[in-house]
Amino acid sequence: MPVVQHTATSVVTIERFIIEEERLHPTATGELSGILYDIALAAKMIANKVRRAGLADILGSTDSSNIQGEIQQKLDVFANDTIVKAMDHGGRLCAMASEEEPGIIPIPDGFRTGKYCLLFDPLDGSSNIDVNVPVGTIFSVVQKITRGRHGEMEDMLQPGRRQVAAGYVIYGSSTMLVYTTGQGVHGFTLDPSIGEFLLSHPHIRIPDDGRYLSVNDSYEAQWDEPTKLLMRKYRGLEGGRKPLSVRYVGSLVADFHRNLLGGGIFCYPSNKRATGGKLRLLYEASPLSFICEQAGGAASNGVERILDIQPSELHQRVPLFIGSKRDVDLAVQTLAQRSELVEA
Ligand code: P6P
């Protein structure tokens, strides 16, 4: 199926790109396009708030009685509510799930429902806002598999390979929306002067020859021996590989986005205190893994492909090794020693 051909010099809004992509699918109903439009709208509203978070103290008198700390603490709640309000009445969704809410977010009675479910982390890494580190929104779209109008837990607990769309917004030096619908990965940069996301990174491919290693090695004492060996290999201390440069800002979307463009690997291994890892499967690891694979990379929990994991709980955590395929393969190969140690 031919993909939409644009270059970085084409002036293409995300709305136009979505329509052109939709035309490549004769059976498309436009519902998925509508979801992507609404996510872009919510992203603009969140970007507007995040961009001014540091000024809340000054703007508090004009903006509201909020003080900086209060707005910062509430930014992830604001982001959550903005997405829910932008998405709940469009008639394309049958349910939502958010990192901010314990259970399924139903579509209110009186609103039309659709055939898709949206799972999202409204503002990942929000604790970084007060030190001006980029934060992000991550989203995943799956098709309803149960009968009836409203989404159920079974609709949410689908393996990542069943996603129909996934993306993230990074609120950094510029605001970018990066998404895939299975036809490659495309990035759009917000031009705040006209309030439009413009195509800036068509057909993103992750470099095979990775440059970066992103890992919080303050947990080294908590890692098992194969994990410690793997990090020594990435650093060129073992196995003769060219050492990777360590870059870690502690904000998943920022670390992932840099490695997607520059090549390399992001690792959040299991450790003695977080035996199942820290990051969430359904609305963090799974959508980023769909994007990474569509860009030519790979993603694993150290044993199996992230997109093949059958979820059992809405907020379940997972160890994550995601990035350039060669670097992920090295993780799986090195961590396989765990089973050898167990069998020995
Ligand atoms: P640690 C932010 O709190 C977050 O959820 C991700 O954005 C980030 O990758 C990770 O946690 C950082 O965790 O344990 O290194 O502080």
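Conventions and cut-offs
Residues numbered from 1 in each chain as written. Predicted model: local features only at pLDDT ≥ 70, side-chain atom pairs only at ≥ 80, totals over all residues. Heavy atoms only, no water. Helix = DSSP H or I, 4+ residues; strand = E, 2+ residues; numbered from the N terminus. Rg over C-alpha atoms; globule rule 2.2 N^0.38 Å. Buried < 20%, exposed > 50% of the residue type's maximum accessible area, 1.4 Å probe, protein only. Contact = heavy atoms within 4.5 Å. Areas by Shrake-Rupley, 256 points an atom, 1.4 Å probe, with all protein chains shown as cover. Core = buried A, V, L, I, M, F, W, Y, C linked by side-chain atoms within 4.5 Å. Disulfide = S-S within 2.5 Å. Axes fitted to C-alpha atoms, helices over the stretch in contact; angles between N-to-C directions. Left-handed = near helix turned anticlockwise from the far one by under 90°. Nonpolar A, V, L, I, M, F, W, Y, C, P; charged D, E, K, R; others polar. Domains from an automatic or database assignment. Buried area = accessible area lost by both parts, 1.4 Å probe. Polar contact = N/O pair within 3.5 Å; in protein donor to acceptor, adjacent residues only side chain to side chain. Salt bridge = Lys/Arg side-chain N within 4 Å of Asp/Glu carboxyl O. Parallel < 35°, antiparallel > 145°, perpendicular 65-115°, else oblique. Pairing = 2+ DSSP bridges.

Along the protein, the regular secondary structure elements total 10 helices and 13 strands. The C-alpha radius of gyration computed for the protein amounts to 20 Å, which stays within 12% of the reference 20 Å derived for 344 residues, consistent with globular compactness. C-alpha atoms of the protein, sized along the principal axes, occupy 60 × 50 × 45 Å. Relative to its 344 residues, the protein shows a buried fraction of 54%. Contacts spanning at least 24 positions in sequence make up 64% of the contacts within the protein whose residues lie at least 6 apart. Per element, the accessible surface of the protein, about 15000 Å² overall, is 51% carbon and sulfur.

For soluble globular proteins, nonpolar side chains are generally found buried alongside one another. Core analysis: the biggest nonpolar cluster contains 42 residues, and Met-87, Met-96, Leu-118, Leu-123, Tyr-171 and Tyr-179 have the highest contact counts within it. No other element matches helix α2 (residues 31-51), which puts 10 residues into this core. Not counting residues within four places of it along the chain, the set of residues in contact with Tyr-171 comprises Ala-43, Ile-46, Ala-47, Val-50, Leu-123, Pro-134, Val-135, Gly-136 and Thr-137. One finds Leu-281, Phe-290, Leu-307 and Leu-320 within the second-largest nonpolar core, a separate group that totals 31 residues.

The next thing to look at is the state of the cysteines. A complete count under the given rule lists zero disulfides for this structure. Residue Cys-94 stays outside any disulfide, its sulfur separated by 3.5 Å from that of Cys-117, the closest cysteine. Considering cysteine sulfurs only, Cys-292 is the nearest to Cys-267, which forms no disulfide, with 12 Å between them. A relative accessible area of 0% places Cys-267 in the buried class.

Bringing the packing of helix α6 (residues 225-234) against helix α9 (residues 325-335) into the picture now. For the pair α6 and α9, interaxial distance at closest approach is 9 Å and the crossing angle is 145°. With respect to the hand of their crossing, α6 and α9 are arranged in right-handed fashion. Across the interface between the two elements, Pro-226, Thr-227, Leu-229, Leu-230, Lys-233 and Tyr-234 from α6 touch Asp-327, Leu-330, Ala-331, Thr-334 and Leu-335 from α9. Here the residues of the contact of α6 with α9 are counted per class, giving seven nonpolar, two polar and two charged.

This paragraph deals with the domain arrangement of the protein. By domain assignment, the protein separates into domain 1 (14-201) and domain 2 (212-339). Taking only C-alpha atoms into account, the centre of domain 1 sits 24 Å from that of domain 2. Counting from both sides, the interface comprises 44 residues of domain 1 and, opposite them, 30 residues of domain 2. Together, the buried faces of domain 1 and domain 2 total about 2700 Å²; carbon and sulfur atoms form 67% of this surface.

This part takes up the side chain of Asp-255. Relative to the helices and strands, Asp-255 resides in helix α7 (residues 252-262). A residue is classified by how much of its surface remains accessible, and Asp-255, at 0% relative accessible area, is buried. Polar side-chain contacts of Asp-255 include one of 3.2 Å to the backbone nitrogen of Gly-250. Here Asp-255 is in contact with Ser-214, Arg-247, Tyr-248, Val-249, Gly-250 and Phe-266, once residues within four sequence places are set aside.

What follows is about the pattern of salt bridges. Following the criterion strictly, the structure yields 13 salt bridges and no others. Of the charged contacts, one joins Arg-235 and Asp-217 as a salt bridge, the two residues approaching to 2.5 Å between their closest N and O atoms. Here Asp-217 lies in the loop between β9 (212-214) and α6 and Arg-235 lies in the loop between α6 and β10 (245-246), a separation of 18 residues in the sequence. By relative accessible area, which is 34% here, Asp-217 ends up partly exposed. Look at the salt bridges and you will find they share partners, linking Arg-161, Glu-293, Arg-305 and Asp-308 into a network.

It is worth spelling out the packing of α7 against helix α8 (residues 281-294) at this point. Two elements in contact, α7 and α8, have axes separated by 12 Å at closest approach and are oriented at 15°. Judged by the angle between their axes, α7 and α8 are roughly parallel. Crossing handedness for the pair α7 and α8: right-handed. On α8, the residues that touch Leu-252, Phe-256 and Leu-260 of α7 are Glu-284, Leu-288, Ile-291 and Cys-292. Of the residues that constitute the contact of α7 with α8, the class distribution is six nonpolar, no polar and one charged.

Another aspect to go through is the pairing of strand β7 (residues 185-191). Of all seven residues in β7, five are buried; the element is thus mostly enclosed. Both strand β6 (residues 175-180) and β7 contribute to a ladder of five bridges, which runs antiparallel. Bridge pairing in β7 links Met-176 to Thr-189. Counted along the chain from β6 to the antiparallel partner β7, the turn is four residues long, and its residue Gly-182 has a positive phi close to 95°. Where β7 lies against strand β8 (residues 196-201), five bridges are found, and the strand directions are antiparallel. Bridge assignment links Asp-191 to a residue of β8, and that residue is Glu-196.

Moving on: unusual backbone geometry. Backbone geometry places Asn-132, a non-glycine residue, at a positive phi of 60°. Topologically, Asn-132 is positioned in the loop between β3 (116-124) and β4 (135-143). Judged by its relative accessible area of 73%, Asn-132 is exposed. With a phi close to 50°, His-203 is a non-glycine residue in the positive phi region. Within the secondary structure, His-203 is located in the loop between β8 and β9.

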